[in-house]
Every structure is written in structure tokens, then in C-alpha cells.
Amino acid sequence: MDTSELRPAKELAEKRASRFTTETPDYAEARKALLAEEIEVRRHLSKLAEQRRRLPPGPVVQKDYRFKDENGDEVGLADLFGDHDTLVTYFWMFGPQRERPCPMCTNFLGGANGNGADVKQRVAFKIIGRSPVDRQRAFAIERGWRDLDFVQTVGDDYARDLGLLDGKGYESPGFTVYQKIRNEVRVFYNAEMPAEAADPGQDPRGAVDIAPLWNILDMTPDGRGTDWYPKLNY
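Below is a short write-up of the structure. (Residues numbered from 1 in each chain as written. Predicted model: local features only at pLDDT ≥ 70, side-chain atom pairs only at ≥ 80, totals over all residues. Heavy atoms only, no water.)

1. Comments concerning the overall build of the protein chain
And then number 1: Looking only at helices and strands, the protein chain has 6 helices and 7 strands in total.
And then number 2: For the protein chain, the N- to C-terminal ordering of α and β elements is α-α-β-β-β-α-β-α-β-α-β-β-α.
And then number 3: Split into buried and exposed, the 234 residues of the protein chain put 32% on the buried side.
And then number 4: Restricting to contacts in the protein chain with at least 6 residues of sequence separation, those with at least 24 account for 63%.
And then number 5: Here the protein chain has roughly 15200 Å² of accessible surface; of this, 50% comes from carbon and sulfur atoms.
And then number 6: Counting 34 positive and 39 negative side-chain charges, the protein chain places the centres of these two groups 2 Å from one another. (Helix = DSSP H or I, 4+ residues; strand = E, 2+ residues; numbered from the N terminus. Buried < 20%, exposed > 50% of the residue type's maximum accessible area, 1.4 Å probe, protein only. Contact = heavy atoms within 4.5 Å. Areas by Shrake-Rupley, 256 points an atom, 1.4 Å probe, with all protein chains shown as cover. Lys, Arg positive; Asp, Glu negative; His and termini not counted. Charge placed at Lys NZ, Arg CZ, Asp CG, Glu CD.)

Put into C-alpha cells, the structure is as follows:
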């Protein structure tokens, strides 16, 4: 993005036309200022995406991680790409020790399912779990998910090496994008926001937030709240 061609955000915000006849001058002025900030944030997110795309070739995946697909066949990481050269993965917290999967992972996958068919037109998209695929799919059917592809890790090397499983068996979610360059599989992007980087009063989260739930709630008067989280059932 050539920033030299960009008009000032405040100038663009002046083009705002209210669609509500009962809008007060105070609200109009505050909304115009907010619009200018929204334009700046949009531009920063575009810059962030460009910076991400300019990452140099990432680490080569040297270990032969193995998975089981929906047919019960054992496959390698490279096989998960299919006909694509990019593979998006989400490791969810649904190990064999859990009776039910993580509610936060479930919430994200609900939104991902709604976009799954579209995403897979551009890249390979796999949901990785430590439970058998049949168990993962049974839960997917329960939730009405039709457009997510599940695989099971064979052993725990994959989860442990990515820091998604600790010595006590506690799981963490993981979002990792891989790239196939010639015969090599490389990490293109791995979500790495440390818990220590969380701002006061907030849960640790990366940018951009990939869960639709939180983006929607950010548009509301009370926001995300500080003591509420999604549940599996209401």
C-alpha cells in the first residue's frame, strides 16, 4: 500500500453522512472522530497484513509428523496440503482426556465452519485434534458443522513441539499456517502472542482477532465484558 496516495483519515471522515434524523451534534462529532480512527485502524491492519506477507521463508519442518485423516489413513504434514501450496491449521483443545471440547475453540470453529467452503477455495484448511477423527466429527455433526476437515495427531510430538501440550497433559489452541516451497514444508506464520503480552484487564489475544464473536461484541455498548465466556450449551 502506497501511503503517499492516502488522503488524511480526518478528511475522509468529514464525508460521513448521518442516516438518523434524531442524531445530536455531540453524537455526530464523536462518531466522526471515531470514523477517522476506524479508517486509521483499517489502514494499519492492511499494513500488518502486507508485513505478514513479506515474511522471509520460515523454519523448515524437519520432523515427519504423522496424522490420521477422515478415512483412517496415516498421512504426513505435506499430504494435508492437497492441491494447494498453503495450509491453514487450527489445533483445538479436544484431547482424549476431555469429555467435551473447549468452549472457546468450539466458538471459533463455529465461525470457521461458516467460511470453511470459501476458505478451501484458496488454501487447504485442517482442524487438528488429539482425539480420533470419528470423535471429532461426531461433535461436528452435533453442532451442524459441515465444512470443516478434521485430522488426528498420531502421538503427541506435534502438539508438544508446538507448545500446545504440556507435561501435565494440558492443551492450548494453536493457529499455524504452513507453506510448501518446492519439496519443503515451512512455517509461514504461527500465532505467537505470549500471555505476558496481554494488556491490563484483557485476556491474551493476537491481532487480528480471528474469532467473529469478539469482533461483533466489540461493536456493542458493553463490549466483550470481563467475566463472560461462551459455553457449549445455554
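2. Brief notes about the layout of surface pockets
And then number 1: Considering only enclosed or pocket space, the second largest pocket measures out at about 550 Å³ in volume.
And then number 2: Lining the second largest pocket are 17 residues, and of these Val41, Leu45, Asn215, Asp218 and Arg224 sit closest to its centre.
And then number 3: Ranked by residue count, the leading element in the lining of the second largest pocket is helix 2 (residues 25-53), at 8 residues.
And then number 4: For the lining of the second largest pocket, the per-class residue count stands at 6 nonpolar, 3 polar and 8 charged. (1 Å grid on protein atoms, 1.4 Å probe; cavity = no way out; pocket = protein on both sides within 12 Å on 5 of 7 lines; lining within 4 Å. Points joined across faces, edges and corners; volume = space filled by probe spheres on them. Nonpolar A, V, L, I, M, F, W, Y, C, P; charged D, E, K, R; others polar.)

3. Examining helix 3 (residues 103-122)
And then number 1: With 20 residues, helix 3 extends 28 Å from end C-alpha to end C-alpha; this agrees with the ideal 28 Å at 1.5 Å per step.
And then number 2: By the largest-angle criterion, Gly116 marks the main kink of helix 3, which is about 60 degrees.
And then number 3: Every buried residue of helix 3 is accounted for by Cys105, Thr106, Phe108, Leu109, Ala112, Asn113 and Gly116.
And then number 4: Check the buried side of helix 3 and you find it contacts strand 3 (86-91), strand 4 (124-129) and helix 4 (133-143). (Expected span 1.5 Å × (residues − 1). Bend = angle between axes of the 7 residues up to and from the residue.)

4. Looking at the sheet that holds strand 7 (residues 184-190)
Pairing between sheet strands relies on hydrogen bonds along the backbone, with the strands arranged either parallel or antiparallel.
And then number 1: Ordered by their spatial adjacency, 7 strands build an open sheet running 2-1-5-4-3-6-7, and the pairing between neighbours is mixed. The two strands at the open ends of the sheet, each matched to only one other strand, are strand 2 (74-76) and strand 7. The sheet shows a mean angle of 35 degrees between the axes of neighbouring strands, direction not considered.
And then number 2: Where strand 3 lies against strand 4, 5 bridges are found, and the strand directions are parallel. (Pairing = 2+ DSSP bridges. Axes fitted to C-alpha atoms, helices over the stretch in contact; angles between N-to-C directions.)

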